[in-house]
Every structure is written in C-alpha cells, then in structure tokens.
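# Residue-level structural notes
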Amino acid sequence: LGISKTLISCHDFNEAARAEELSRIFAEGKTIALISDAGMPLISDPGHKIVQKALELNMEIVVVPGPSSVLLALIGSGLSCQRFSFEGFLPDKAGERRQRLERLKGDERTMVFFMPIKDLEKVLPEMLEIMGKRRACLCRELTKKFEEYIRGDLEDILAISRSRDLKGESVLV
C-alpha cells in the first residue's frame, strides 16, 4: 500500500516501557496504531498496557477489526457459537494444566484454546481423560494456504494427530 511509518516493537519484555513512550508521542500530536503480525492485538498478545496508558492520556481509541483466530475457529468448527469461552493457552506445567481442565470439565459452553501443535499429543490425552469424549475441532493454519478444520471428538483428533505430521499454528475448539 506504500505506507511508510516508524515501527516500534512491543513485546512482553518491553511493553511497560513502550506504554510510557505514549506520553511523548501523544504530546507531539502524532497518531498511534497498535498492530500485530499474528492476528488481533491483545488476544494472548501484548498491548493491554498500551491501551491502558492511552486511556489514561485520554487518547481516542478506535478499534479496527482484523483477523481473529478465536472467532474464525469458533465459527468454522461447526460447534455452537451461542455461548463460548476463550481459554487462551493452557499452562505448560502438567499439574497446573490438569487443575485448569478439572475446573472447566463441567462447563457447557463451547471452549476455544490456543493449542501449539507440538503439545497435541501431550494435552489431548489429558483433555480426553478429564473432560470426556466431547465434540471438538482442531483448526490449523487459519487464513493461510493450508487452512484445515479437523472435526470429530477429542479421541478422533488425538488419533489424527498421532497419524499425521501436523504443522503450523492451531486453535482447538
């Protein structure tokens, strides 16, 4: 599009410092955009401190909708969209992950998880054991050339993940 602007990185390790820079940039009368190279900003990504600082400075916040793997996966899954919860990433530590799954097992809403492909064979057996053989959909590579929806139940998805060399980013619904 021929847009040439100054880019300033913002990640977990520098977000607080970047939020403080807003005061200077805002005082200069400049417009600021918070963008992400991986979906919608703030959804399991940094940006919350930036938005909080912008509100503190009484800056106008304008949200421009962009791709959100949470909603794309939910809609493409074929599961109910009437009531759902976004659970983000499950904890890395097995004990913490099992505790979270135990708390969620009776929830009747459709649940959306960010699920690294490398964790499927570790997490799916735990989900199956704790949550039962519920319907699910593994959504892979959303909005990309090899986009795929693997539908079935948790047991089906586990079997497919064991039989195929799945790659890319995924969301489990």
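Here's what I pulled together on the structure shown here. (Residues numbered from 1 in each chain as written. Predicted model: local features only at pLDDT ≥ 70, side-chain atom pairs only at ≥ 80, totals over all residues. Heavy atoms only, no water.)

## Here's the deal with unusual backbone geometry
Residue Asn58 is not a glycine yet carries a positive backbone phi of 60°. Here Asn58 is to be found in the loop between helix H2 (48-56) and helix H3 (69-77). The phi angle at Glu141 is positive, at roughly 55°, despite the residue not being glycine. Within the secondary structure, Glu141 sits in the loop between strand S3 (135-140) and strand S4 (148-153). Residue Glu141 is classed as buried on the basis of its relative accessible area, which comes to 15%. (Helix = DSSP H or I, 4+ residues; strand = E, 2+ residues; numbered from the N terminus. Buried < 20%, exposed > 50% of the residue type's maximum accessible area, 1.4 Å probe, protein only.)

## Notes on the pattern of salt bridges
Any two side chains of opposite charge can pair, so long as their charged atoms come close to each other. Applying the stated rule across the entire model yields 19 salt bridges. Linking Lys144 and Glu141 is a salt bridge whose minimum nitrogen-to-oxygen distance equals 3.8 Å. For Lys144, a relative accessible area of 38% corresponds to the partly exposed category. Ionic contacts of the salt-bridge type, sharing partners, join the residues Arg18, Glu21, Arg24, Glu28 and Lys30 into one network. (Salt bridge = Lys/Arg side-chain N within 4 Å of Asp/Glu carboxyl O.)

## Things to note about the packing of helix H5 (residues 120-131) against helix H6 (residues 154-163)
Their axes nearest at 10 Å, the elements H5 and H6 cross at an angle of 160°. Classified by the angle between their axes, H5 and H6 sit roughly antiparallel to one another. Here H5 and H6 pass one another in a crossing that is left-handed. Between H5, through Leu120, Glu121, Leu124, Pro125, Met127 and Leu128, and H6, the contact on the second element is made entirely by Leu154, Glu155, Ile157, Leu158, Ser161 and Arg162. When its residues are assigned to classes, the contact of H5 with H6 shows eight nonpolar, one polar and three charged. (Axes fitted to C-alpha atoms, helices over the stretch in contact; angles between N-to-C directions. Parallel < 35°, antiparallel > 145°, perpendicular 65-115°, else oblique. Left-handed = near helix turned anticlockwise from the far one by under 90°. Contact = heavy atoms within 4.5 Å. Nonpolar A, V, L, I, M, F, W, Y, C, P; charged D, E, K, R; others polar.)

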